[in-house]
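# Descriptive analysis of the structure
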Amino acid sequence: MSKTDTMSGVTSTRDEGGAVPPGITTFNTELLRIAGIAVALLAVTWVYSGDPFILNIMAQTFLFAAVSLSWNIIGGFGGQFSLGHGVFFAIGAYTTANLYINWQISPWLALIPAAILAALVAVAVSWPTFRLRGPFFSIATIALNEVAFVLANYFGSITGGPRGLTIPFKAGLENMIFTSRFHSVLLMLGFLVVCLIVCAWVFRSRLGYYLQALHLDEDAARATGIRVLQVKLVGMAISAALTGIGGALFAMYLRFIDPPTLLSLPDIGVKFALIALIGGVGTLYGPLAGALLIVPLESQLRAGLSASVPGANLIVLGAILILFALFMKKGIVGLVMQLWDRFGRKSQ
Amino acid sequence: MSSLLNIIVVGLLLGGIYGLVSMGLNLIFGVIRIVNFAQGELVMLGMYGAYVCYLFIGLDPYLSIFIVVPALFLFGVIMQRFILQPLQNEPMMQIFATFGLLLLLQNVVLAVTRGQGYTAPSKLSEFVISVGPLNISVVRLVALVAVTAAALFLSWFVKNTMAGKAIRAVTQDRRAARLMGINVELAFMLTFGAGAALAGLAGTLLAPIYTMSPQIGGNFIMAAFAVVVLGGLGSVWGAYIGGFIIGLIEAFAGYYLDPALKTAIWFLVFIGVLIVKPGGLFGIAGAEEVGLREQN
């Protein structure tokens, strides 16, 4: 239910810009659309506010949508296909968890160092790896994720090692721990809206156009005077900072983190990219659409099928990936826009 | 002294395994410019193929090569024709599709086997050659011999046969190759098939060494990527020597530092080489960018 409701939210917001060709909207128009999406998602959350199972799925959906949007800044707009965003996610999670457990620093405050640390690490590791292009960059980021996994297991004093970290349950707004799951969902929705606004701003800013230019042709972009490395690094820093915040929220929501939860490739690092791709990579709302489809679907499959057929959810996910790559390269947003071009325009 | 010698032997034997796993990846990567994330899963399929042959016909893993390798060749050709060929000029979609295949293959095997570990024992598994203080496991030595044979055969094949020359032509310039009357799609299908067959060979030879699990491909794929990038894209001997370099690094890091940190050490070497020589130690300079040029 939630899927269809919110999907139509995306389409209807497209309608407003129907007279103008898509791609020439202003930041203010996007803000209006985002407000519309927020209200629609809030309404859906409200309807299901009594069902903890569905609320759990929604919290995860909104969080993954938000982080996937962050990924999209460098991965989609900039075309730097990072599969190592799990590292920044984990940095955010471990920073916040450590500050909260050892120094009782409120997670709200800990979001700042989490974001800064994630951005700093991202810039430090991207500096050399941005020399690589296309698939080589992706391989290096995957390697990065593997190294982070090894290090997270090795440095047990910070990460709790393989046993992980458990965050004690102390409910309260200042601890970012809620007794009601509804409030957690609202927090995730708030983060999603923040990410949407940042993405819309980047998309319609000079930085966003630079990123899109170097995505299309890096040499041409450099020739026109864009400082390619600097633009990539700024894009990566923004993307990683938001991803770090996402990791922090994830840690406070689950209250238990360990290396496999934070640094699993199919469940975290690659999933951010896959959600964006399924929704429509490089589009503003693609990652949101992708998350609204994939996360609930996977949760349902995991709950329904995995008991009888182990790994069934990942079999379906794998098949979806191949089918989207072959037949729906532009993702859900691309399909919606195609349908709009074919049928919507004529009826006007 | 003997411990140093031991480390070197362990490293070389491990390097043989990594080289074997990398050979197919390097072929696919070097010629078709596809980053096949599912290569480790092809190795995994090879291992399970050897197990199935052992289970149903009682075949020794070394004999099941004659069934598993052709089967994987066919699988590779089908994979290339129906999944990767339509995505020829879209590197991102290729990553997407091969990762989908990785998930699919891994979890189909998980669903079928329910995650139980298997080994396919060979008569050779029991034998160990002792030279002074060194103990060399025969099954690992076979892998070392096999990778040497595969490298020799591949370099002979691409240099001296018509099909091999066609493959090299396609690697250098697709359009020019097509204008010379080479069937580029066929060359790609055969190359991918050969890459998958090499993965199958690696799988059967590894079946007596490792306990199988559906996720085992993941243990090899990172090492294989490191080998390919280190050795040089598309260079047969690069992959061969790169395998030994990674194997030796792992053996030394495991002995002198901490086995838990081996991946981190690889990564440092890997990144270091990428920065200093992006084309790899034995690759052609600029080879890493050729694949991204629009080619038709």
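Procedures and definitions
Residues numbered from 1 in each chain as written. Chains lettered and ligands numbered in written order. Predicted model: local features only at pLDDT ≥ 70, side-chain atom pairs only at ≥ 80, totals over all residues. Heavy atoms only, no water. UniProt positions renumbered as here; feature names shortened; annotations may be inferred. Axes fitted to C-alpha atoms, helices over the stretch in contact; angles between N-to-C directions. Helix = DSSP H or I, 4+ residues; strand = E, 2+ residues; numbered from the N terminus. Parallel < 35°, antiparallel > 145°, perpendicular 65-115°, else oblique. Left-handed = near helix turned anticlockwise from the far one by under 90°. Contact = heavy atoms within 4.5 Å. Nonpolar A, V, L, I, M, F, W, Y, C, P; charged D, E, K, R; others polar. Buried area = accessible area lost by both parts, 1.4 Å probe. Salt bridge = Lys/Arg side-chain N within 4 Å of Asp/Glu carboxyl O. Polar contact = N/O pair within 3.5 Å; in protein donor to acceptor, adjacent residues only side chain to side chain. Phe/Tyr/Trp six-rings, centres within 6.5 Å; stacked < 30°, edge-to-face > 60°. Buried < 20%, exposed > 50% of the residue type's maximum accessible area, 1.4 Å probe, protein only.

The name that an unreviewed UniProt entry assigns to chain B is Branched-chain amino acid ABC transporter permease, with the source organism given as Tianweitania sediminis. Its UniProt record gives chain B the following Subcellular location (unreviewed entry) comment, quoted word for word: "Cell membrane". The UniProt entry for chain B carries this comment under Sequence similarities (unreviewed entry): "Belongs to the binding-protein-dependent transport system permease family. LivHM subfamily."

Per an unreviewed UniProt entry, chain A goes by Branched-chain amino acid ABC transporter permease and derives from Tianweitania sediminis. According to its UniProt record, chain A has this under Subcellular location (unreviewed entry): "Cell membrane".

## A closer look at the packing of helix α13 (residues 265–279) of chain A against helix α4 (residues 91–113) of chain B
Between α13 of chain A and α4 of chain B, whose axes approach to 11 Å, the crossing angle comes to 130 degrees. One element, α13 of chain A, and the other, α4 of chain B, form an angle in the oblique class. In the crossing of α13 of chain A with α4 of chain B, the sense of the turn from one axis to the other is left-handed. In contact with Pro 266, Val 270, Leu 274, Leu 277 and Ile 278 of chain A of α13 of chain A, α4 of chain B contributes Met 93, Phe 96, Phe 99 and Leu 103 of chain B. Here the residues of the contact of α13 of chain A with α4 of chain B sort into nine nonpolar, no polar and no charged.

## Some details on the interface of chain A and chain B
Contacts between the two partners involve 44 residues from chain A, matched on the other side by 41 residues from chain B. Both sides together, the interface formed by chain A and chain B hides about 3,900 Å², and carbon and sulfur atoms give 85% of it. It is Phe 136, Ile 139 and Ile 322 of chain A in chain A that bury the most area against chain B; as a group they hold 16% of the surface buried on that side. In this structure, the connection of chain A to chain B is made through zero salt bridges. Our enumeration of links across chain A and chain B arrives at zero residue pairs in polar contact (both at pLDDT 80 or more). Contributing elements (two or more residues each) for the side of chain A that touches chain B: α5 (107–129), α6 (134–154), α13 and α15 (312–327) of chain A. Here the residues of the side of chain A that touches chain B are counted per class, giving 31 nonpolar, nine polar and four charged.

## Structural notes on the packing of aromatic side chains
The geometry of an aromatic ring pair comes down to the distance between the two centres and the angle between the two planes. Following the criterion strictly, the structure yields 22 aromatic pairs over all chains and no others. A centroid spacing of 4.8 Å and a plane angle of 35 degrees characterise the contact between Phe 77 of chain A and Phe 203 of chain A, whose relative ring orientation is tilted. A residue pair is termed long-range when its members are at least 10 positions apart, and Phe 77 of chain A in helix α3 (residues 52–77) and Phe 203 of chain A in helix α8 (residues 181–203) qualify at 126 residues. Taken as a pair, Phe 77 of chain A and Phe 203 of chain A share a single burial class, namely buried. Here the aromatic rings of Phe 37 of chain B and Phe 99 of chain B are separated by 6.5 Å at their centres, their planes lie at 80 degrees, and the arrangement is edge-to-face. With Phe 37 of chain B in the loop between α1 (2–32) and α2 (39–57) and Phe 99 of chain B in helix α4, this pair connects stretches of sequence that are 62 residues apart. A relative accessible area of 4% places Phe 99 of chain B in the buried class.

## Quick look at unusual backbone geometry
All names here are of chain A. Residues other than glycine seldom take positive phi values, yet Gln 104 does so here, at roughly 50 degrees. Within the secondary structure, Gln 104 sits in the loop between α4 (85–103) and α5. Using a relative accessible area of 55% as the deciding quantity, one classes Gln 104 as exposed. Of note in the backbone geometry, Arg 255 takes a positive phi value of approximately 60 degrees without being a glycine. Mapped onto the secondary structure, Arg 255 falls in the loop between α11 (228–254) and β2 (256–257). Classification of Arg 255 by relative accessible area gives partly exposed; the value is 25%.

## Some words on the UniProt feature "transmembrane region" (unreviewed entry) in chain B
Residue and element names in this part refer to chain B. According to UniProt, the positions carrying the feature "transmembrane region" (unreviewed entry) are residues 6–29, 41–57, 63–83, 95–114, 134–158, 179–210, 240–257 and 263–287. As a span, residues 6–29 carries 100% helix and 0% strand, and end to end its C-alpha atoms are 33 Å apart. In residues 41–57, the share of helix is 100% and the share of strand is 0%. The end C-alpha atoms are 24 Å apart.

## Some remarks on the side chain of Ser 155 of chain B
All names here are of chain B. Within the secondary structure layout, Ser 155 lies in helix α5 (residues 138–160). Within the structure, the side chain of Ser 155 is placed 3.1 Å from the backbone oxygen of Leu 152, a separation counted as a polar contact. Excluding residues within four positions of it along the chain, Ser 155 makes contact with Val 236 and Trp 237.

## A short note on the pattern of salt bridges
Residues and elements named next belong to chain A. By the definition in use, this model includes seven salt bridges over all chains. The closest approach of N and O atoms between Arg 33 and Glu 30, which form a salt bridge, is 3.6 Å. Of the two residues, Arg 33 and Glu 30 are both situated in helix α2 (residues 27–47); the distance of three residues between them amounts to about one turn of the helix. Residue Glu 30 is classed as buried on the basis of its relative accessible area, which comes to 2%. In this structure, Glu 218 engages Lys 232 in a salt bridge whose closest nitrogen and oxygen atoms are separated by 3.3 Å. Here Lys 232 lies in helix α11 and Glu 218 lies in helix α10 (residues 218–223), a separation of 14 residues in the sequence. Overall, the relative accessible area of 13% leaves Glu 218 in the buried class.

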